[in-house]
Amino acid sequence: MALLVFAALGPIAATGWEALHGHDLRLPWLGRPFVGLSNFSEAAGDPRFRDAVTHTILFALVSVPIELALGLALALIMHRAIRGRAVIRVTALLPWTIPTVVAALIWRFLFDGQSGVVGDLLRRAGLAGASFDWFVHPVAAWIPIVAADVWKTTPFVAIIVLAGLQTIDPSLDEAAQIDGAGPVRRFITITLPLVRSSLIVAAAFRVLDALRLFDLAYVMTGGGPGTATEPLSLYAFVAIMQRLRFGYGAALSITVFLITFAFALVWIRMTGRALLGERA
């Protein structure tokens, strides 16, 4: 408990206290006056803040379902593989072992407008013009970010789902097969319900990470073009490190924490009831 307070609750409390003050390093002569909830009310009326929240939520809504679907498929492949199972599992987990910054640089290079492999293939296929640049278009710039996140974190989902698959009694599938159930029906009626809890856990972890998106956007686009790919965590970073508004940036950071904490509480309550009902 002491380690938890020191490593987690202490910094959160310090950030919350900073958010209640008007600390601006550009105006040091003003000191650190107590302003209450003024930083939070300013954020509520800030269009850039609202855009950052929208970007963060949309990113989570797009990337997490893709990762769950691909993670489930990858887990099934690893679970059913007979030959080369160890090699398949190690290869599938490699993206998860690569640092996020390195993965972001790799995918930025792949989507580079001048020398990127993806752009070159699309131009050869006649699907993109010679001057098309992913990172200049406000919508297309999100595609490399989502692709990098899916590529890196799908193995994490697969690990959790694979653990759930290994707890399923093989006799259930064999009995259904004897009764004439096909592969699709066995998957829908047996496999999917029994790995439901694993998918719920994986979804919770991935949504929490997606709501705190920072490093991929920072390395790949820097929030650009303009602020089109700026998530909330990156906006908080800009407010603190570039604008030197420590009080306002702290308020944005606390907002990120409150959003993720609220989601965790709602998710635990909803899924907890569902899992209890399933066990009953």
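Preceding block: the structure.
Residues numbered from 1 in each chain as written. Predicted model: local features only at pLDDT ≥ 70, side-chain atom pairs only at ≥ 80, totals over all residues. Heavy atoms only, no water.

(A) Representation of the overall build of the chain within the structure. What the chain contains, in helices and strands, is 13 helices and 0 strands. Each helix and strand of the chain, ordered N terminal to C terminal, gives the series α-α-α-α-α-α-α-α-α-α-α-α-α. Of note, the chain has its 22 positive side-chain charges centred 3 Å away from the centre of its 18 negative side-chain charges. (Helix = DSSP H or I, 4+ residues; strand = E, 2+ residues; numbered from the N terminus. Lys, Arg positive; Asp, Glu negative; His and termini not counted. Charge placed at Lys NZ, Arg CZ, Asp CG, Glu CD.)

(B) Focus on the nonpolar core. Grouped together as the largest cluster of nonpolar side chains are 22 residues, with contacts concentrated most on F59, I145, L213, L216 and M220. Considering each element in turn, this core owes the most residues, 5 residues, to helix α7 (residues 142-165). Apart from residues no more than four positions distant in its own chain, L216 is found in contact with T100, A104, I145, A148, D149 and T221. Counting residues in hydrophobic clusters, the runner-up holds 17 residues, among them M78, I160, L199 and A202. (Core = buried A, V, L, I, M, F, W, Y, C linked by side-chain atoms within 4.5 Å. Buried < 20%, exposed > 50% of the residue type's maximum accessible area, 1.4 Å probe, protein only. Contact = heavy atoms within 4.5 Å.)

(C) Seen up close, a nonpolar patch on the surface. A cluster of nonpolar side chains, I57, L58, L61, V62, I66 and L70, forms an exposed patch at the surface whose accessible area comes to about 520 Å². On the secondary structure map, I57 appears in helix α3 (residues 47-80). (Patch = residues over 30% accessible without salt bridge, like charges linked within 9 Å, V, L, I, M, F, W, Y side chains within 5 Å. Areas by Shrake-Rupley, 256 points an atom, 1.4 Å probe, with all protein chains shown as cover. Salt bridge = Lys/Arg side-chain N within 4 Å of Asp/Glu carboxyl O.)

(D) Broad picture of unusual backbone geometry. Residue P225 follows G224 across a cis peptide bond; omega there is 0°. Topologically, P225 is positioned in the loop between α11 (215-220) and α12 (232-242). The backbone of L244 sits at a positive phi, close to 60°, despite the residue not being glycine. Position of L244 relative to the elements: it lies in the loop between α12 and α13 (246-279). On the accessibility criterion, L244 (30% relative accessible area) is partly exposed.

(E) Layout of the pattern of salt bridges. Inspection of every chain in the model, using the stated rule, returns 8 salt bridges. Ionic pairing is found between E18 and R32, a salt bridge with its closest N-O pair at 2.5 Å. Residue E18 is found in helix α1 (residues 2-19), and its partner R32 is found in the loop between α1 and α2 (38-44); the two are separated by 14 residues along the sequence. On the basis of relative accessibility, which here comes to 13%, the residue E18 falls in the buried class. The exposure class of R32 is partly exposed, given its relative accessible area of 45%. The salt bridge partner of E42 is R245, with a shortest N-O separation of 2.9 Å. One end of the pair, E42, is in helix α2; the other, R245, is in the loop between α12 and α13, and 203 residues separate them in sequence.

(F) Summary view of the packing of aromatic side chains. Taken as a whole, this structure holds 13 aromatic pairs when the rule is applied. Ring centres 5.4 Å apart and planes at 15° place the aromatic pair F214 and Y218 in the stacked group. Three or more aromatic residues joined by ring pairs make a cluster, and in this case those are W107, F111, W134 and W151. Sitting over the ring of W96, K152 keeps its end group 5.2 Å from the ring centre. (Phe/Tyr/Trp six-rings, centres within 6.5 Å; stacked < 30°, edge-to-face > 60°. Lys NZ or Arg CZ within 6 Å of the ring centre and 35° of its normal.)

(G) Local environment of helix α10 (residues 196-211). Its 16 residues give α10 an end-to-end C-alpha distance of 22 Å, which sits within 8% of 22 Å, the value for a rise of 1.5 Å per residue. Within the sequence span of α10, burial applies to S198, L199, I200, A202, A203, A204, R206, V207, A210 and L211. (Expected span 1.5 Å × (residues − 1).)

(H) Looking closely at the environment of D46. Along the polypeptide, D46 turns up in the loop between α2 and α3. Spatially, the C-alpha atom of D46 lies 13 Å from that of A236, the residues being 190 residues apart in sequence. Side-chain polar atoms of D46 contact the side chain of Y248, separated by 2.7 Å. (Polar contact = N/O pair within 3.5 Å; in protein donor to acceptor, adjacent residues only side chain to side chain.)

(I) Here's a closer look at the packing of α3 against helix α4 (residues 85-97). The contact between α3 and α4 brings their axes to 9 Å, and the two run at 155°. Between α3 and α4, the angle falls in the class roughly antiparallel. Judged by residue contacts, L74, M78 and H79 of α3 engage R85, I88, R89 and A92 from α4. Considered class by class, the residues forming the contact of α3 with α4 number 4 nonpolar, 1 polar and 2 charged. (Axes fitted to C-alpha atoms, helices over the stretch in contact; angles between N-to-C directions. Parallel < 35°, antiparallel > 145°, perpendicular 65-115°, else oblique. Nonpolar A, V, L, I, M, F, W, Y, C, P; charged D, E, K, R; others polar.)

(J) Structural context of the side chain of H21. Looking at where H21 falls in the secondary structure, it is placed in the loop between α1 and α2. In this structure H21 comes out as buried when scored by relative accessible area, which is 7%. Side-chain polar atoms of H21 contact the backbone oxygen of W17, separated by 2.7 Å. The contacts of H21, once residues within four sequence positions are left out, are R32, P33, F34, V35, N39 and G247.

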